[in-house]
Amino acid sequence: TRAGPSATPRDALFQPIPPCSRSLSFLTLSLSSDVPTKEFLLSLNAARPASAKFVVADLDDTHLFVDPAAVPALEAAVRARGDDLTYTAPSDPAA
C-alpha cells in the first residue's frame, strides 16, 4: 500500500486549496470565521458585480472558499466594520 500525505492539522486561518476544476485558474483559500463575520462577507460578495465576486464556495456556517486576491480588501473591510461597531466613550472636555 502507498502511504498518504501527513495528517497534521493546520493552524493557519487561510489554507491554500487546489483548484477543483480546470476552469479555475487560481487557488482558493479556506476562510474560517464566526457566523456574523461570515454573513458580513457574504453580504459584501452579494453587493459586487458577478465579475468581482470573491466567494468561490460557501461551505458551512463558518467556512468559505475565497479568491486569495481579495484577502487584503476583506481584512480591511472586517477591520473597518469592527471599528464602526466598537463603542468609544466621548472624551471629557473638562479633564
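Residues numbered from 1 in each chain as written. Predicted model: local features only at pLDDT ≥ 70, side-chain atom pairs only at ≥ 80, totals over all residues. Heavy atoms only, no water.

Next up on the list: the overall build of the protein chain. The helix and strand tally for the protein chain stands at two helices and four strands. Starting at the N terminus, the α and β elements of the protein chain follow one another as β-β-α-β-β-α. Taken across its 95 residues, the protein chain has 20% of its residues classed as buried. If you take every contact in the protein chain between residues at least 6 apart in sequence, the share linking residues at least 24 apart comes to 45%. (Helix = DSSP H or I, 4+ residues; strand = E, 2+ residues; numbered from the N terminus. Buried < 20%, exposed > 50% of the residue type's maximum accessible area, 1.4 Å probe, protein only. Contact = heavy atoms within 4.5 Å.)

Attention shifts here to the environment of Ala-52. One can find Ala-52 in the loop between α1 (35–46) and β3 (55–58). As a C-alpha pair, Ala-52 and Ala-70 span 18 residues in sequence and 9.3 Å in three-dimensional space.

For the rest of this paragraph, the subject is the pairing of strand β4 (residues 63–66). Across four bridges, the pairing between strand β2 (residues 28–32) and β4 is antiparallel. Across the sheet, Ser-30 pairs through a bridge with Phe-65, a residue of β4. From the end of β3 to the start of β4, which pair antiparallel, there are four residues. (Pairing = 2+ DSSP bridges.)

A few words on the confidence of the model for the protein chain. This prediction gives the protein chain a mean pLDDT of 77; 72% of its residues lie at or above 70. The secondary structure element of the protein chain with the lowest average pLDDT is strand β1 (residues 15–17), at 50, and the one with the highest is α1, at 94. Below a pLDDT of 50 lies the segment residues 1–15, which in the model reaches 13 contacts outside its immediate sequence neighbourhood of four places, other chains included. The low-confidence segment residues 20–25 (pLDDT under 50) makes one contact with residues lying over four places distant or belonging to another chain. (pLDDT = per-residue confidence, 0-100.)

With that settled, the discussion passes to the side chain of Ser-33. By the secondary structure assignment, Ser-33 is in the loop between β2 and α1. For Ser-33, the side chain forms a polar contact with the main-chain nitrogen of Lys-38, separated by 3.4 Å. Beyond its immediate chain neighbours, meaning those up to four positions away, Ser-33 contacts Lys-38 and Thr-62. (Polar contact = N/O pair within 3.5 Å; in protein donor to acceptor, adjacent residues only side chain to side chain.)

Summarising the element assignment, Asp-58 is placed in strand β3. The spatial distance from the C-alpha of Asp-58 to the C-alpha of Leu-31 is 9.9 Å, given a sequence separation of 27 residues. Other than its neighbours up to four places away in sequence, Asp-58 contacts Lys-38, Leu-42, His-63 and Leu-64. Among the polar contacts listed, one links the side chain of Asp-58 to the side chain of Lys-38, at a separation of 2.5 Å.

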